[in-house]
Amino acid sequence: MKACKGMFVMNAKLSTALAILCLATSAYGAKKNAEPTPWVQEPTTFLGIKFDEKLIYQMKQCPADYSVPAEICYQRPFQGYYPLFAVPSLGLHGYTAGVLTHDSLIREIVLNTKTDDYDAVVALLTQKYGRPQSQKTEMVKTKVGATFQNEKSYWEGKKVQIILRKYSDNIDTSSISVINKSVAVEALRDEHGKVNENASKL
């Protein structure tokens, strides 16, 4: 279980890093006098979770006996990642969710859904947040050598970025990353500082 959670945390951090890199690249290539189109539907919450408030202040920890609670709760964290339980129904064939934190602040909320629900997820996000500002496709190669075309959609705001991937870790899973940009940037800065510190000891 710990190995699985560790992989999930690593993937969440990687998605954040790539997202921030994408932001930096876009900003560098944009015209100085160009103003970005405002995202009118930019959220301040996701799954009822507020981005500007610590997770442990918003919900209770799940029961230790694994009984089903009446409302959403968080399970014991692993490396700053809090798996969520009793998540609200979204009309999908099941999904998992978790919150990645940095210094107890919400860095990213991650949902993993079945690829069969991808079109339904696109419809839900478009209905709630409008059409994505940008989309791209890329070829992905599996460990066994098979290739397939992945689709990514981006919603970009001043404080929040949403990334939808048709294929996440495998061809059976889609993912949604809802990134709290200021915390994500701070987390990457701290991680880079730790790498430099450790490298100096070599």
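Residues numbered from 1 in each chain as written. Predicted model: local features only at pLDDT ≥ 70, side-chain atom pairs only at ≥ 80, totals over all residues. Heavy atoms only, no water.

Draft legend 1. Summary view of the pairing of strand β10 (residues 173-180). Judged by how many residues are buried, β10 sits mostly within the fold: eight of eight residues are covered. Of the two faces of β10, the one carrying Thr 173, Ser 175, Ser 177 and Ile 179 and the one carrying Ser 174, Ile 176, Val 178 and Asn 180 are both buried. Here strand β6 (residues 105-114) pairs with β10 via seven bridges, running antiparallel. Looking across to β10, one finds that Lys 114 is bridged to Thr 173. (Buried < 20%, exposed > 50% of the residue type's maximum accessible area, 1.4 Å probe, protein only. Helix = DSSP H or I, 4+ residues; strand = E, 2+ residues; numbered from the N terminus. Pairing = 2+ DSSP bridges.)

Draft legend 2. Seen up close, the state of the cysteines. Per the counting criterion, the structure on display carries one disulfide. Between the sulfur atoms of Cys 62 and its disulfide partner Cys 73 the distance amounts to 2.1 Å. Between Cys 62 and Cys 73, the disulfide has an S-S torsion of 100° and is therefore right-handed. Placement of the pair is Cys 62 in the loop between β2 (49-50) and β3 (73-74) and Cys 73 in strand β3, with a sequence separation of eleven residues. Residue classification places Cys 73 among the buried residues on the basis of a relative accessible area of 3%. (Disulfide = S-S within 2.5 Å.)

Draft legend 3. Structural detail: the side chain of His 102. Note on placement: His 102 falls in strand β5 (residues 95-102). Polar contacts involving the side chain of His 102 include one to the side chain of Asp 190, which spans 2.8 Å. Beyond its immediate stretch of four places on either side in the chain, His 102 contacts Arg 107, Val 183, Glu 186, Ala 187 and Asp 190. (Polar contact = N/O pair within 3.5 Å; in protein donor to acceptor, adjacent residues only side chain to side chain. Contact = heavy atoms within 4.5 Å.)

Draft legend 4. Highlighting the sheet that holds β6. On the basis of which strands lie adjacent, the open sheet formed by eight strands has the order β3-β4-β5-β6-β10-β9-β8-β7 and antiparallel pairing. The strands lining the two open edges of the sheet, one partner per strand, are β3 and β7 (134-141). Pairing analysis gives eight bridges linking β7 to strand β8 (residues 147-156), with the strands arranged antiparallel. When the sheet's bridge partners are listed, Ser 134 is paired in β8 with Tyr 154. The strands that helix α2 (residues 118-129) touches are β6, β8, β9 (160-165) and β10; relative to β9, the one it contacts most, it runs at about 160°. (Axes fitted to C-alpha atoms, helices over the stretch in contact; angles between N-to-C directions.)

Draft legend 5. Quick peek at the pairing of strand β4 (residues 81-85). Burial analysis of β4 places four of its five residues in the buried class, the great majority of the element. As paired strands, β3 and β4 are joined by two bridges and run antiparallel to one another. Looking at the pairing, Tyr 74 lines up with Leu 84 of β4. With antiparallel pairing between neighbouring strands as the criterion, β3 and β4 make up a hairpin whose turn holds six residues, including Gln 79 at a positive phi of roughly 50°.

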